[in-house]
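Survey of secondary and tertiary structure
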Amino acid sequence: LTKFKKMEITVSRKAHFNAAHRLHNKNWSDEKNQKIFGKCNYQNYHGHNYELIVSVTGEINPETGYVIDMGELKKIIKNEVEERLDHKNLNLDVPHFSNTIPSAENICIYIYDILKDNIDSQFKLSVRLYETPRNFVEYSG
Ligand code: NI
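Residues numbered from 1 in each chain as written. Predicted model: local features only at pLDDT ≥ 70, side-chain atom pairs only at ≥ 80, totals over all residues. Heavy atoms only, no water.

1. Re the nonpolar core
Worth spelling out the cut-off: For this analysis, a nonpolar core means a set of buried residues of the types Ala, Val, Leu, Ile, Met, Phe, Trp, Tyr and Cys, connected via side-chain atoms within 4.5 Å. Here the term buried applies to any residue with accessible area under 20% of the maximum for its type, exposed to any over 50%, and partly exposed to those in between, with areas from a 1.4 Å probe on protein chains only. To qualify as a helix, a DSSP run of H or I must reach at least 4 residues; to qualify as a strand, a run of E must reach at least 2; elements of each kind are numbered from the N terminus. We call two residues contacting when some pair of their heavy atoms lies within 4.5 Å.
By size, the foremost hydrophobic cluster in this structure holds 31 residues, and its most contacted members are Leu-52, Leu-85, Ile-107, Ile-111, Leu-115, Ile-119 and Leu-129. Within the residue set of this core, elements represented by two or more residues are strand S1 (8-21), strand S2 (46-59), helix H2 (70-85), helix H4 (104-118) and strand S4 (124-130). Here the element with the most residues in this core is H4; it accounts for 8 residues. In this structure Leu-52 touches Arg-13, Lys-14, Ala-15, Ile-77, Val-81, Ile-111, Val-127, Arg-128 and Leu-129, once residues within four positions along its chain are discounted.

Now the structure itself:
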């Protein structure tokens, strides 16, 4: 029976970037921003050591034994995600976040969308983003 069953397995790659951000809603008063976002609204920005786990689910290619070449996945994450975000001020340096609040949720979706465009559509993709060791978000489309 297993011979005919679709066998899917998930492989994951960890990555890392440092970035600064500020949580601020332009439509709110300074008082309301301060009340809702607290320290994260600090006007001169603050930084995080973001940790990223990119998971790719698919069938094993019998010729390689791989789901996806991890070297290729590493390159895609480096070129498409780290190069755009590492050592950047997300609010000021990344056009997407000039009108989108760079919360962990929105950063995670942004990364997912970039990777989705760069990874074969036969794979299921999931992105987990740690903003702190204890706070993380996950998006799978
Ligand atoms: Ni923050």
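2. Considerations on the pairing of S1
The condition is simple: A pair of strands is labelled paired if DSSP reports no fewer than 2 bridges between them.
Of the pairings in the sheet, the one linking S1 to S2 comprises 14 bridges and is antiparallel in character. Its bridge partner lying in S2, Ala-20 is registered against Gly-47. Alignment of S1 against strand S3 (residues 88-89), held across 2 bridges, turns out to be parallel. Following the sheet pairing, Ala-20 is matched in S3 by Asn-89.

3. Topic: the coordination of the nickel ion
Applicable threshold: Shown as donors are all N, O and S atoms within 2.8 Å of a metal ion, widened to 3.2 Å for Na, K and Ca; because water is not in the atom set, sites may appear incomplete.
Listed as protein donors to the nickel ion are His-21 (NE2), His-46 (NE2) and His-48 (NE2); their distances from the metal cover 2.0 to 2.1 Å. Residue class for His-21 comes out buried when judged on its relative accessible area of 1%.

4. Let's talk about the packing of H2 against H4
Going by this rule: Angles here are taken between N-to-C directions and fall from 0 to 180 degrees, while the axes themselves are lines fitted to C-alpha atoms, restricted in helices to the stretch in contact. Handedness of a helix crossing follows the sense of rotation of the near helix relative to the far helix, less than a right angle counterclockwise being left-handed and clockwise being right-handed. Lys, Arg, Asp and Glu make up the charged group, whereas Ala, Val, Leu, Ile, Met, Phe, Trp, Tyr, Cys and Pro make up the nonpolar group; the residues left over, Gly among them, are polar.
It is the contact of H2 with H4, at a shortest axis distance of 10 Å, that shows an interaxial angle of 145 degrees. Here H2 runs over H4; the crossing is right-handed. Counting all contacts with H2, which are made through Ile-76, Ile-77, Glu-80, Val-81, Arg-84 and Leu-85, the residues of H4 involved are Ile-107, Tyr-110, Ile-111, Ile-114, Leu-115 and Asn-118. Taken together, the residues of the contact of H2 with H4 sort by class into 9 nonpolar, 1 polar and 2 charged.

5. What about the sheet that holds S2?
Here 5 strands make up an open sheet; going across it, the order is S3-S1-S2-S4-S5 and the pairing mixed. The open sheet has two free edges, formed respectively by S3 and strand S5 (136-139), since each of these has just one partner strand. Two elements, S2 and S4, share 7 bridges in a ladder whose sense is antiparallel. Bridge pairing in S4 links Val-56 to Leu-125. The strands touched by H4 are S1, S2, S4 and S5; relative to S4, the strand with the most contacts, the crossing angle is about 145 degrees.

6. Observations concerning the state of the cysteines
Heads up, the rule is: Working definition: a disulfide is two cysteine sulfur atoms within 2.5 Å of each other.
Scanning the entire structure with this criterion turns up 0 disulfides. This cysteine, Cys-40, is not joined by any disulfide, and Cys-108 carries the nearest cysteine sulfur, 17 Å off. Under the relative-accessibility criterion, Cys-108 is labelled buried at 0%.

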